[in-house]
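Here are the chains, one letter per residue:
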Amino acid sequence: MSAADRDLALRAARGDVGAFSALVQEHSGLVYRVSLRVLGARDAQDASQEVWVRVWRNIKNFRGDSAFTTWLYRITMNTCLSVRQKESRRDERHYEGEVPYLAEPAGGDADPESAALNSERREEIESALKHVRAEHRAALVLRHMEGLSYAEIAAVLDVPDGTAKGWVSRGRAAMLVALSKGNGHNEIDGTGS
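Note that the structure is predicted; figures quoted are calculated from it, not measured.

A. Spotlight on the overall build of the protein. From N to C terminus, the protein includes 8 helices and 0 strands. The burial tally for the protein puts 44% of its 193 residues in the buried class. Summing over all exposed atoms, the protein offers an accessible surface of approximately 10,100 Å²; the carbon and sulfur share of this is 48%.

So, in structure tokens, the structure goes:
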């Protein structure tokens with residue numbers, strides 16, 4: 001964990017608004033990026049704001065036992081999963097948005113054909129992710145888009161390491177099924193059912 005993050009978080013836990021503001025400035029991109037990937041563009045901004053409200057309400061409970069970013073990922077994921085649960089209760093299945101990026105070719109000078117293919121791939125992946133069960137999608141996003149280890153994913157999602165690995169695997173399988181079926185309209189649970 002960054003010593004600066006730890007110091008800022010501990011100062012914010014004591015009520016230092018300036019330290020909290022610095023944390024928001026430093027990590028708002030992470031929060032928005034994860035929210036966008038899990039929820040899509042329609043709900044990402046509101047979820048990001050809700051994350052920071054929850055962080056402020058709960059920062060006094062941050063003890064520095066884990067990295068601030070691990071704690072922040074957990075709050076972000078819990079907020080996103082809560083939004084998705086509310087959404088499913090309302091029986092809304094309309095999603096918008098895109099995965100912010102996939103790996104770009106080295107040098108950043110992608111030819112137009114490659115750029116078009118990357119754009120299509122991003123759209124296909126975002127569409128397929130919409131059909132993956134919420135907890136599997138969360139684990140998949142953290143592993144393959146955020147680059148977290150299985151141990152970090154387990155800490156963020158508050159599950160055992162084996163569960164984190166299983167959710168990533170099921171999420172990947174469900175996404176591949178959705179891609180192969182042309183992004184069918186039924187939610188896929190990743191268990192083969």
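That covers the picture; the talk isn't over yet.
B. Layout of the packing of aromatic side chains. On inspection of all chains with the given rule, the structure shows 5 aromatic pairs. Between Phe-20 and Trp-52 the ring centres are 6.0 Å apart and the planes differ by 80°, which places this aromatic pair in the edge-to-face class. You can see Phe-20 sitting in helix H2 (residues 17–39) and its partner Trp-52 sitting in helix H3 (residues 41–58), a full 32 residues away along the chain. The class for Phe-20 is buried, based on a relative accessible area of 12%. Pairwise contacts between aromatic rings join Phe-20, Trp-52 and Trp-56 into one cluster.

C. A look at the pattern of salt bridges. Inspection of every chain in the model, using the stated rule, returns 8 salt bridges. Glu-135 is the salt-bridge partner of Arg-133, the closest N and O atoms lying 2.5 Å from each other. With a relative accessible area of 31%, Arg-133 lands in the partly exposed category. What makes Glu-135 buried here is its relative accessible area of 16%. A cluster of three or more residues bridged by salt bridges with shared partners is formed by Asp-7, Arg-11 and Asp-16.

D. Inspection of the nonpolar core at higher detail. Counting residues in hydrophobic clusters, the biggest one holds 49 residues, and the most contacted among them are Val-55, Met-77 and Leu-157. Of all elements in the fold, only helix H1 (3–13), H2, H3, helix H4 (68–89), helix H5 (112–129), helix H6 (134–145), helix H7 (150–157) and helix H8 (161–180) reach the threshold of two or more residues within this core. The residues contacting Leu-157, other than those within four sequence positions of it, are Met-77, Ala-138, Ala-139, Leu-142 and Trp-167.

E. Layout of the environment of Pro-160. Counting through the fold element by element, Pro-160 comes out in the loop between H7 and H8. Pro-160 gets classed as exposed once you look at its relative accessible area, which sits at 54%. Pro-160 sits 10 residues away from Tyr-150 along the chain, and the two C-alpha atoms are 9.4 Å apart.

Quick notes on the rules
Residues numbered from 1 in each chain as written. Predicted model: local features only at pLDDT ≥ 70, side-chain atom pairs only at ≥ 80, totals over all residues. Heavy atoms only, no water. Helix = DSSP H or I, 4+ residues; strand = E, 2+ residues; numbered from the N terminus. Buried < 20%, exposed > 50% of the residue type's maximum accessible area, 1.4 Å probe, protein only. Areas by Shrake-Rupley, 256 points an atom, 1.4 Å probe, with all protein chains shown as cover. Phe/Tyr/Trp six-rings, centres within 6.5 Å; stacked < 30°, edge-to-face > 60°. Salt bridge = Lys/Arg side-chain N within 4 Å of Asp/Glu carboxyl O. Core = buried A, V, L, I, M, F, W, Y, C linked by side-chain atoms within 4.5 Å. Contact = heavy atoms within 4.5 Å.

Note that every value here comes from positions in space, so none of it alone points to a role or purpose.
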